[in-house]
Amino acid sequence: MKIIDGGVCAPKGFMANGIHAGIRYNKSKLDLSLIKSDVLANAAAVYTSNLVKGAPIYVTKANINDGKAIAMLCNSGNANTCNADGIEIATRCCEILSENLKIKSNDVIVASTGVIGQPLSIKPFEEGIPLLVKGLESNSLAATKACQGIMTTDTKIKQIALEFEIGGKTAKLGAMTKGSGMISPSMATMLCFVTTDVSISSFMLDKALHEVADESFNMLSVDGDTSTNDMLSIMANGLAGNELINSYNEEYDKFKDALSFACKELAKQMAKDGEGATKLIISRVNGAKTIEDARCVAKSIIKSSLLKAAMFGADANWGRVLCAIGYSKANVDIEKVDMSFSSKKGEIIVCKKGAGIPFSEEIAKEILLEDEIYINVNLNDGFSYSEGYGCDLTYDYVKINGDYRS
């Protein structure tokens, strides 16, 4: 497996584009994106568990109930959530796209991101979608424009592409994501769109997506808020030419490994670009009784506001980590817990068997001043491992969200 260029356009038979359609007031910001497969693809998605859901979630669920899609359409600047005509708008967007691409309207994955509860006009879509379709291309620039079109408070483009061998064939997978705030998925992500030319059944694609979501995006938290529009979706068009993967086998494992790597890397990119963030925090939990316990502890640590604030201040306040482990509801014996902090500046042990040990505050400070911090926890009670992805809590997070709607 190797990282390559091309983003969502890297796999065979995928094109993309992003434009400014007028949904956002700032004309320098792209706000409408499209990804299209040359052929009908197998599709799957995972959605937000929030009881308040964006209208596109309902439309996409219905559209890909048959496990098929050929295009992904997403706008930024307006979440199309809590709108009386939201379903109508999302459905009409699919219809406009179908008219321009000459495809079925129910073969479209549709998504929105932005302000909740704001009226959304169909006009930008009526005028923008024809231009969006006309500008479709299959190259790195097109993939980047599509990525830019789904960004809200993101400061960085988040995309990845991989090449790997499957069934004796060279296969590729591309992915792009957005999300900087309101990030604490309880299902999948914020918004993430994945393309691949692997031949895999819709059923197995759905299985892989759910399994990977649990170990990647579900282990991510910026601020503890689960969005109304979270969606992780994938299209697999089969153009790599491998034999169809339709059961759990070695080729399925290879595909899942690639998908997992891509999603974990994007989860880290999102955490690092969290609103106002200056540091990526990765909690590594070893020695848990079960994978569920490991995940529970790892997520609890990176969700702690007190710990996030301590990391911003480069304060080795390890007691806040132990506190987060204690309220995680995982099956843990606190008197067995060992802990250390590490970065590229080194590692320092701060806790053994649930109790503090003498350590140099000066060295700890040096370690925690880096922009990528690891919180290493060994529960010494089993063999399961998990990672959580988060960021520090800064003054700028409050500033950004204090006037988000403006």
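Here, every reference points to the structure presented above.
On a predicted model such as this, the values are computed, not experimentally measured, just so you know.

Conventions used here
Residues numbered from 1 in each chain as written. Predicted model: local features only at pLDDT ≥ 70, side-chain atom pairs only at ≥ 80, totals over all residues. Heavy atoms only, no water. Axes fitted to C-alpha atoms, helices over the stretch in contact; angles between N-to-C directions. Helix = DSSP H or I, 4+ residues; strand = E, 2+ residues; numbered from the N terminus. Parallel < 35°, antiparallel > 145°, perpendicular 65-115°, else oblique. Left-handed = near helix turned anticlockwise from the far one by under 90°. Contact = heavy atoms within 4.5 Å. Nonpolar A, V, L, I, M, F, W, Y, C, P; charged D, E, K, R; others polar. Salt bridge = Lys/Arg side-chain N within 4 Å of Asp/Glu carboxyl O. Patch = residues over 30% accessible without salt bridge, like charges linked within 9 Å, V, L, I, M, F, W, Y side chains within 5 Å. Areas by Shrake-Rupley, 256 points an atom, 1.4 Å probe, with all protein chains shown as cover. Buried < 20%, exposed > 50% of the residue type's maximum accessible area, 1.4 Å probe, protein only. Pairing = 2+ DSSP bridges. Core = buried A, V, L, I, M, F, W, Y, C linked by side-chain atoms within 4.5 Å. Polar contact = N/O pair within 3.5 Å; in protein donor to acceptor, adjacent residues only side chain to side chain.

1. Quick word on the packing of helix α5 (residues 202-215) against helix α6 (residues 250-272)
Across the interface, α5 lies against α6 with an axial gap of 9 Å and an inter-helix angle of 40°. In this view, α5 runs oblique relative to α6, as classed from their interaxial angle. By crossing handedness, the relation of α5 to α6 is classed as right-handed. Across the interface between the two elements, Met-204, Leu-205, Lys-207, Ala-208, Leu-209, Glu-211, Val-212 and Glu-215 of α5 pack against Tyr-252, Phe-255, Lys-256, Leu-259, Ser-260, Cys-263 and Lys-264 of α6. Residues that form the contact of α5 with α6 fall into these classes: nine nonpolar, one polar and five charged.

2. Some thoughts on the pattern of salt bridges
Scanning all chains against the criterion turns up 16 salt bridges. One continuous salt-bridge network, built from bridges that share partners, spans Arg-92, Glu-95 and Glu-99.

3. Description of a nonpolar patch on the surface
A surface patch of nonpolar side chains, amounting to about 310 Å² of accessible area, comprises Met-1, Ile-3 and Phe-261. Note that Met-1 resides in the segment before β1 (2-3). Residue Met-1 is classed as exposed on the basis of its relative accessible area, which comes to 56%.

4. Quick notes on the pairing of strand β2 (residues 14-19)
Consecutive side chains of a regular strand alternate in pointing toward one face of the sheet and then the other. Most of β2 sits inside the fold, with five of its six residues counted as buried. Two strands pair when backbone bridges link them, and β2 and strand β3 (residues 32-47) are joined in this way by six bridges, in the antiparallel orientation. Each residue of the ladder has a partner; that of Phe-14, found in β3, is Ser-37.

5. Let's talk about the environment of Glu-243
Counting through the fold element by element, Glu-243 comes out in the loop between β9 (231-236) and α6. Judged by relative accessible area, which is 71%, Glu-243 ranks as exposed.

6. A word on the nonpolar core
In this structure, Phe-255, Leu-259, Ile-301, Phe-341 and Val-377 are the most contacted members of the largest nonpolar core, which totals 73 residues. If you tally residues by element for this core, the top one is α6, at 10 residues. Sequence-distant contacts of Ile-301, that is, excluding residues within four places in its chain, are made with Ser-283, Val-285, Leu-307, Val-321, Ala-324, Ile-325, Ile-375 and Val-377.

7. A look at the sheet that holds strand β10 (residues 280-288)
The mixed open sheet is built from six strands, whose spatial order is β13-β12-β11-β14-β10-β15. Edge positions in the sheet fall to β13 (355-356) and β15 (384-391), since each has one partner strand and no second. In this sheet, strand β14 (residues 372-378) lies alongside strand β11 (residues 338-343) in antiparallel orientation, the contact comprising five bridges. Across the sheet, the residue bridging to Ser-340 is Asn-376, located in β14.

8. Re helix α4 (residues 140-148)
Considered for burial, the residues of α4 that qualify are Ala-142, Ala-143, Thr-144, Ala-146 and Cys-147. Each element contacted by the buried residues of α4 is listed here: β2, β3, β6 (158-166) and β7 (169-178). Taking the backbone nitrogen of Leu-141 as reference, a side-chain oxygen 3.2 Å away marks Asn-139 as the first, capping residue of α4.

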